[in-house]
Amino acid sequence: MIDKSKPVLVTGADGFIGSHLTEGLLKQGYKVRALALYNSFGSWGWLDTVPADDNLEIIMGDVRDSDFCKSLCKDIGTVFHLAALIAIPYSYVAPDSYVDTNIRGILNMLQASRDNAVDRIIVTSTSEVYGTAQYVPIDEKHPRQPQSPYSATKIGADALAKSFYNAFDTPVVIARPFNTYGPRQSARAIIPTIIGQIASGERTIKVGDLSPTRDFNFVDDTVRGFVALAQASAQQVVGKEINICSGTEASMQQTLETIARLMDAQVDWQTEPQRLRPTKSEVHRLVGDNTLITSITDWRPQVSLEKGLKKTIEWFTDPSNLSKYKTTIYNT
């Protein structure tokens, strides 16, 4: 269980899932220390949109700095480690930066958590570690397949986390969310890319491969999954890798067609080569098995894909939100 007498730490709190997690924890009355990546603009990322709260402490820094991480974890009870580089296309361009952030960053946070004797550290994995499904639904025993530099660094990060549990009894939980979507998601992802183009008046939608399937999860469900793993007894979750997934799948084309229908738009689509992954790097099918998380916590997915898409469309089509995105540019 989370000790409410101690602050919880969220790294990557300035990002998509991290900002929603921070909001969710604040709504439940937790004191939150939120890490935003240091920058000279003083921007807190999506934390700039989170209402002011006396229980929120925002710190700017970088998980690549080991001394900083040690001070960051002082007096913390539970750590939610979300800070990472996540864009798969950019990992083809700059793999070294992924090693630096995703592997060195988790090493620094694990050492800081161990040295500060935190109660629990929730490490964020990804369904990309599984690669294209060898069987479905994908449970936690599925082989790991590094089909991109990004997924390779996350496999390495998960292995480091397990090594700290085995070698030092560090109270590690590896949370493995499948494809999360919702308000504030990066425009490089399929759902914001489609919504953004349609909302901007485009009717020929530029896309990559529409045949792969994904297990989409609305961000509120993912956040509840993180909190459920933090609140569960140590015996149930510590030392384990645990999927957070709906157990359903939809192809990219089905998703595009559903979004177009919900936005009442007649669209065509055009494949852009720059949006395609290298052939052996594409993950063609992902659908998860949530038996473990549903058997050890009371977590269940609550938001259907259609309902979640409606909420996401509503947010993105607000002009004040859409203006934050460059919908005509493909960001790697």
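Here, every reference points to the structure presented above.
Heads up: these notes are all about the structure in this document. Just so you know, these numbers come straight off a predicted model, no measurement behind them.

## Topic: the overall build of the protein
Here is step 1 of the chain: For the protein, the helix and strand inventory stands at 12 helices and 13 strands.
Here is step 2 of the chain: Computed over the C-alpha atoms, the radius of gyration of the protein is 19 Å, within 12% of the 20 Å expected from 2.2 N^0.38 for a compact globule of 332 residues.
Here is step 3 of the chain: Overall, the C-alpha framework of the protein stretches about 55 × 45 × 40 Å when taken along its three principal axes.
Here is step 4 of the chain: Each of the 332 residues in the protein was classed as buried or not, and the buried ones make up 55%.
Here is step 5 of the chain: A separation threshold of at least 6 residues defines the contact pool for the protein, and within that pool the share at least 24 residues apart is 80%.
Here is step 6 of the chain: In the structure as shown, the protein presents an accessible area of about 14400 Å², 50% of it carried by carbon and sulfur atoms.
Here is step 7 of the chain: Distance between charge centroids for the protein: 2 Å, based on 34 positive and 37 negative side chains.

## Looking at the environment of Asn 321
Here is step 1 of the chain: Tracing the chain through its elements places Asn 321 in helix H12 (residues 319-322).
Here is step 2 of the chain: Sequence-wise, Asn 321 and Gly 156 are 165 residues apart; in three dimensions their C-alpha atoms are separated by 35 Å.
Here is step 3 of the chain: A polar contact of 2.9 Å, which involves the side chain of Asn 321, links it to the backbone oxygen of Trp 315.

## Considering the packing of helix H6 (residues 190-199) against helix H9 (residues 252-262)
Here is step 1 of the chain: H9 packs onto H6 with a crossing angle of 35° between their chain directions and a minimal axis gap of 10 Å. Between H6 and H9 lies a crossing of right-handed hand. Across from Ile 190, Ile 191, Ile 194, Ile 195 and Ile 198 in H6, the residues of H9 making contact are Met 252, Thr 255, Leu 256, Ile 259 and Ala 260.
Here is step 2 of the chain: By residue class, the composition of the contact of H6 with H9 is nine nonpolar, one polar and no charged.

## Some thoughts on the sheet that holds strand S4 (residues 78-81)
Here is step 1 of the chain: Strand order across the open sheet formed by seven strands is S3-S2-S1-S4-S5-S6-S11, with parallel pairing between neighbours. Both edges of this open sheet fall to strand S3 (56-61) and strand S11 (241-244), since each of them pairs with a single strand only. Geometrically, the sheet is characterised by an average inter-axis angle of 20° between neighbouring strands, direction not taken into account.
Here is step 2 of the chain: As paired elements, strand S6 (residues 172-177) and S11 share four bridges and run parallel to each other. Residue pairing for S11: Ala 175 is matched across the bridge by Ile 242.
Here is step 3 of the chain: Set on the sheet, helix H1 (residues 16-27) makes contact with strand S1 (8-11), strand S2 (32-37), S3 and S4; between it and S1 the angle comes to about 165°.
Here is step 4 of the chain: Contacts from helix H5 (residues 149-168) reach strand S5 (120-124), S6 and S11, with the element oriented near 155° to S6.

Reading the values: rules and limits
Residues numbered from 1 in each chain as written. Predicted model: local features only at pLDDT ≥ 70, side-chain atom pairs only at ≥ 80, totals over all residues. Heavy atoms only, no water. Helix = DSSP H or I, 4+ residues; strand = E, 2+ residues; numbered from the N terminus. Rg over C-alpha atoms; globule rule 2.2 N^0.38 Å. Buried < 20%, exposed > 50% of the residue type's maximum accessible area, 1.4 Å probe, protein only. Contact = heavy atoms within 4.5 Å. Areas by Shrake-Rupley, 256 points an atom, 1.4 Å probe, with all protein chains shown as cover. Lys, Arg positive; Asp, Glu negative; His and termini not counted. Charge placed at Lys NZ, Arg CZ, Asp CG, Glu CD. Polar contact = N/O pair within 3.5 Å; in protein donor to acceptor, adjacent residues only side chain to side chain. Axes fitted to C-alpha atoms, helices over the stretch in contact; angles between N-to-C directions. Left-handed = near helix turned anticlockwise from the far one by under 90°. Nonpolar A, V, L, I, M, F, W, Y, C, P; charged D, E, K, R; others polar. Pairing = 2+ DSSP bridges.

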